[in-house]
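# Observations on chain architecture
Read off the chains here:
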Amino acid sequence: MNSARRQATRQRLYEAAVTLIAEKGFSSTTVDEIAERAGVAKGTVYYNFASKNDLFEELLRHGVGLLTASLREASEKVTAAGGSRVDALDAMIRAGLVFIGRYPSFTQLYVAELWRTNRAWQSTLMMVRQEAIAVVEKVLREAVDGGELSDEIDVPLTASALFGMVLVAALDWQAFQPDRDIDDVHAALSRLLQGRVGGS
């Protein structure tokens, strides 16, 4: 199987798996169902992944990798245009919202898995989570070093808080306030980032 075709097949398997697992849970989802939803033979699943666990672990890597790349790209685009580091953080918030709007099932699954500690892929999950947060942390450190933000902030905790804020707010938006548009949600989170919530 050529590389482009294999990637396309893996993408279909990821999409089928994430949707089914979000609907039914990991334990209740079978490889047969994943294959059927993806429109491939069961053997194709095993050709691409050693097991259902392996598929799920790769799904987490793939999904968080896409999120990390979109955060990094948003930051680099603002920086290249001469924007501030706070502007870059704001662009990352929007990129996170766009990602979550595009992949709501993956995001729901990712957030649910963060709280489970007995899974075979726990170390992979923590590693990819840290890679995503490291992108935010880098921009925060640059903002502190450049005097845009106070040097009193706890950079690792603030990076985690910003990352978590976007995930949870976006899931709330998708589940409970779906008629709000992305610009409205982004503006609300942007005000939090800019420290304008207190009305000062």
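Looking at an unreviewed UniProt entry, one finds the protein named TetR/AcrR family transcriptional regulator, with Streptantibioticus ferralitis as its source organism.

### Topic: the side chain of Glu 57
Position of Glu 57 relative to the elements: it lies in helix α4 (residues 52-80). The exposure class of Glu 57 is buried, given its relative accessible area of 18%. Residues contacting Glu 57, with those up to four places away along its chain left out, are Trp 121 and Thr 124.

### Description of the UniProt feature "domain: HTH tetR-type" (unreviewed entry) in the protein
Here the UniProt feature "domain: HTH tetR-type" (unreviewed entry) sits at residues 7-67. Between the end C-alpha atoms of residues 7-67 there is a gap of 18 Å, over a span that is 80% helix and 0% strand.

### Section: helix α7 (residues 122-145)
With 24 residues, α7 ought to run about 34 Å at 1.5 Å a step, and its terminal C-alpha atoms sit 33 Å apart, in line with that. Looking one or two places after α7, you find Gly 147, whose phi comes out positive at around 80°.

### Concerning the pattern of salt bridges
Pairs can form between side chains of opposite charge whenever their charged atoms are close. Taken as a whole, this structure holds 10 salt bridges when the rule is applied. The closest approach of N and O atoms between Arg 61 and Glu 58, which form a salt bridge, is 3.5 Å. Pair noted here: Arg 61 and Glu 58 are both in helix α4, with a separation of 3 residues, about one helical turn. Asp 184 serves as the salt-bridge partner of Arg 180, at 2.7 Å between the closest nitrogen and oxygen. Among the residues examined, Arg 180 registers a relative accessible area of 31% and is labelled partly exposed.

### Remarks on the packing of helix α5 (residues 85-102) against helix α9 (residues 182-194)
The geometry of a pair of packed helices is captured by two quantities: the angle between their axes and the separation between those axes. Between α5 and α9, the shortest axis-to-axis distance is 10 Å and the interhelical angle comes to 145°. Note on packing geometry: the crossing formed by α5 with α9 is right-handed. Of α9, the residues touching α5 (which contributes Val 86, Leu 89, Asp 90, Ile 93, Arg 94, Leu 97 and Val 98) are Ile 182, Asp 183, Val 185, His 186, Leu 189, Ser 190, Leu 193 and Gln 194. Partitioning the contact of α5 with α9 into residue classes produces 9 nonpolar, 3 polar and 3 charged.

The rules behind these values
- Residues numbered from 1 in each chain as written.
- Predicted model: local features only at pLDDT ≥ 70, side-chain atom pairs only at ≥ 80, totals over all residues.
- Heavy atoms only, no water.
- Helix = DSSP H or I, 4+ residues; strand = E, 2+ residues; numbered from the N terminus.
- Buried < 20%, exposed > 50% of the residue type's maximum accessible area, 1.4 Å probe, protein only.
- Contact = heavy atoms within 4.5 Å.
- UniProt positions renumbered as here; feature names shortened; annotations may be inferred.
- Expected span 1.5 Å × (residues − 1).
- Salt bridge = Lys/Arg side-chain N within 4 Å of Asp/Glu carboxyl O.
- Axes fitted to C-alpha atoms, helices over the stretch in contact; angles between N-to-C directions.
- Left-handed = near helix turned anticlockwise from the far one by under 90°.
- Nonpolar A, V, L, I, M, F, W, Y, C, P; charged D, E, K, R; others polar.

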